[in-house]
Amino acid sequence: METIIKQKIRQVKKGDQSAFEEIVNYYQNKVIQICFRMLGNIHEAEDIAQEAFVRAFTNIHSFDENRKFSTWLYRIATNLSIDRIRKKKPDYYLDSEVKGTEGLTMYSQLSMDEPLPEEVVESMELNKYIQKQILSLPAKYRSVITLRYVDDLSLQEISEVLEIPMGTVKTRIHRGREALRKKLHDL
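Since the model is a prediction, treat every value here as computed from it, not as a measurement. (Residues numbered from 1 in each chain as written. Predicted model: local features only at pLDDT ≥ 70, side-chain atom pairs only at ≥ 80, totals over all residues. Heavy atoms only, no water.)

Asks: Would you mind showing me how to read unusual backbone geometry here?
Replies: Generally, phi is negative for residues other than glycine and the peptide bonds are trans, each holding for most cases. Positive phi outside glycine occurs at Asp152, with the angle close to 55°. Owing to a relative accessible area of 60%, Asp152 belongs among the exposed residues under this scheme. Positive phi values are uncommon outside glycine, yet Glu163 reaches one of about 55°. Accessibility expressed as a relative area gives 55% for Glu163, which makes it exposed. (Buried < 20%, exposed > 50% of the residue type's maximum accessible area, 1.4 Å probe, protein only.)

Have a look at this one:
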């Protein structure tokens, strides 16, 4: 796939804007996901992802084709997310999730292979709690923890995305995990 992306980049550099649209379609969900994991708000994540693609398009001529495009793009998105975190005051959003109907049970319509509704809710609550604790980590730990464990990037890719040495990545992952472990000790 990387070969196709590099081919599209060459087309973009020659002035073919539709080729960049295909690049956006390919990476859009992953970039939004990276931004969301760092920011914790889908609307902000979409805004930052859009800005990342605009910056990538604007600066496409500075992209070194000997490197992976995804790493370059993720670095732009991560840096923009970190900038947003630094500029943002702590916000408190009202939970906009709609609760299900009360008093009605749908057990009879569930197959035995599917988890029970309360198990699904418990899992969602646990994931939400863990995400909240990740969001409470300092930005330097949050970014490496998110890139490593949520987005499954290698240590080398994280090093390239954040433009920091591999040793620093390892240290921040270790310290971030320890900080997260202390926050999650009551689970």
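Asks: Even after reading the chapter, I still don't get the side chain of Lys8, so can you show me in this structure?
Replies: Residue placement: Lys8 occurs in helix α1 (residues 2-13). Apart from the residues lying within four places of it in its own chain, the contact partners of Lys8 are Ala19, Glu22 and Ile23. (Helix = DSSP H or I, 4+ residues; strand = E, 2+ residues; numbered from the N terminus. Contact = heavy atoms within 4.5 Å.)

Asks: For this particular structure, what's the right way to read the environment of His43?
Replies: Relative to the helices and strands, His43 is located in helix α3 (residues 42-58). On the basis of relative accessible area, His43 is assigned to the exposed category, the value being 55%. Along the chain, His43 and Ile32 lie eleven residues apart, while their C-alpha atoms are 9.6 Å from each other.

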